[in-house]
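Fold and geometry: a report
The residues making up each chain are set out below.
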Amino acid sequence: MLNGNTIELGVCYYPEHWDTSFWKEDMLRMKSYGIGVIRVAEFAWNLFEPEEGRFDDSFWDRFLNVAKDCGMQVIFCTPTATPPVWLTEKYPEVLNCDIYGHPVYHGMRKHHNMTSPVYLDFVKKIVEHIAAHYSAHPAIIGWQIDNELNCEVNEFYSESDTAAFRLFLQEKYGTLDRLNEAWGTVFWNQTYTEWEEIYVPRPTPSNSTNPHEVLDYIRFISDSTCRFARMQSDILKKYVKPGDFITTNGLFG
């Protein structure tokens, strides 16, 4: 176990990239070099849920049993960094957008946003299933939420982000009068009279926007990311074995 008393070597491993005949050989070779921990599954949503609502645990059940037989410890990840194409095609509202409102499409990773109610519902379902099914496995010593939160992009401009940004601002300021005062919207006649008039930062003729708005927008992105991680953590905590940890990582530009 990772006990804080020694330095444990670990690596990322992607068994879905390899023929199953390599698994045991790979892990035994890692063990021979002093590598005792692997992190897996962060980009493998399809292997858990190949189509909407149909879960299949055969792949990871098999792999985890091989890992256990090899004496390899496993950090198991939630696969929410790469929603599958069946999801993004059927529910395009889960996609992130650039500052001009153009969607970013499937084909890399981090193509989703973290405020879409549809996406958050799918995340809850996949994390709940994975946690309930795999948490008791003896090879697993800990869990990682997503992978590199806010990697690839750390700005979000979808319609759901604007809706969530308005709620964030309502919780912070309470009234539009307080927001207008804090943002100095009297300058250049930016004064808001309805919450629905406020958007995430958008292009303007001067290629800039209210700096107070931008600062609150950055705070909103941070808050959205924390909420996304906390939502998954709260689910995992219901299932993890005593002593197993929950962690995450990120690139927060």
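In this text, all values refer to a predicted model and were calculated from it rather than measured experimentally.

We now examine the packing of aromatic side chains. Counted according to the given criterion, the structure contains 25 aromatic pairs. Ring centres 6.2 Å apart and planes at 40 degrees place the aromatic pair W45 and Y119 in the tilted group. Placement of the pair is W45 in helix α2 (residues 45-48) and Y119 in helix α5 (residues 117-134), with a sequence separation of 74 residues. As far as the burial class goes, W45 and Y119 line up, both buried. A network of ring pairs unites the aromatic residues Y13, W23, F48, F59, W60, F63, F76, Y134 and W143 as a single cluster. Over the ring of F122 we find K125, and its NZ or CZ is 5.7 Å from the ring centre. Above the plane of the ring of Y199 lies R166, whose end atom (NZ or CZ) is 4.9 Å from the centre.

Before going further, it helps to spend a moment on the pairing of strand β1 (residues 9-12). Along any regular strand the residues' side chains alternate between the sheet's two faces. Inspection of the sheet shows β1 paired to strand β2 (residues 35-40) by four bridges, in the parallel sense. Bridging across to β2, C12 finds its partner in R39. Of the crossover connections in this fold, the one passing from β1 over helix α1 (residues 23-32) to the parallel β2 is right-handed.

Another aspect to go through is the pairing of β2. With respect to burial, β2 is a largely interior element, six of its six residues being buried. In terms of strand pairing, β2 meets strand β3 (residues 73-77) through four bridges, oriented parallel. The partner of V37 across the bridge, within β3, is Q73.

This brings us to unusual backbone geometry. Despite not being glycine, A41 shows a phi value in the positive range, around 85 degrees. For A41, the position within the fold is in the loop between β2 and α2. The backbone of E152 shows a phi angle near 70 degrees, a positive value even though the residue is not glycine. Among the structural elements, E152 can be located in the loop between β4 (140-149) and α6 (159-173).

Here we take up helix α3 (residues 58-69). With 12 residues, α3 ought to run about 16 Å at 1.5 Å a step, and its terminal C-alpha atoms sit 17 Å apart, in line with that. The set of residues buried in α3 consists of F59, W60, F63, L64 and A67. Axial view of α3: buried residues confined to an arc of 115 degrees, hence all on one face. Buried residues belonging to α3 abut α1, β2, α2, β3, α5 and β4. Of the residues flanking the end of α3, it is G71, one or two places downstream, whose phi is positive at about 70 degrees.

Moving on: the pattern of salt bridges. Applying the stated rule across the entire model yields 16 salt bridges. Salt-bridge contacts for E52 lead to K90; the nearest nitrogen and oxygen are separated by 3.0 Å. Residue E52 is found in the loop between α2 and α3, and its partner K90 is found in helix α4 (residues 85-90); the two are separated by 38 residues along the sequence. One salt bridge connects D146 with K110, and the closest N-O pair in it is separated by 2.3 Å. Here K110 lies in the loop between α4 and α5 and D146 lies in strand β4, a separation of 36 residues in the sequence.

Criteria and cut-off values
Residues numbered from 1 in each chain as written. Predicted model: local features only at pLDDT ≥ 70, side-chain atom pairs only at ≥ 80, totals over all residues. Heavy atoms only, no water. Phe/Tyr/Trp six-rings, centres within 6.5 Å; stacked < 30°, edge-to-face > 60°. Helix = DSSP H or I, 4+ residues; strand = E, 2+ residues; numbered from the N terminus. Buried < 20%, exposed > 50% of the residue type's maximum accessible area, 1.4 Å probe, protein only. Lys NZ or Arg CZ within 6 Å of the ring centre and 35° of its normal. Pairing = 2+ DSSP bridges. Right-handed = clockwise from strand over helix to strand, strands pointing away. Expected span 1.5 Å × (residues − 1). Arc of directions from axis to C-beta. Contact = heavy atoms within 4.5 Å. Salt bridge = Lys/Arg side-chain N within 4 Å of Asp/Glu carboxyl O.

Take it as geometry only, folks, not as evidence of what the structure does.
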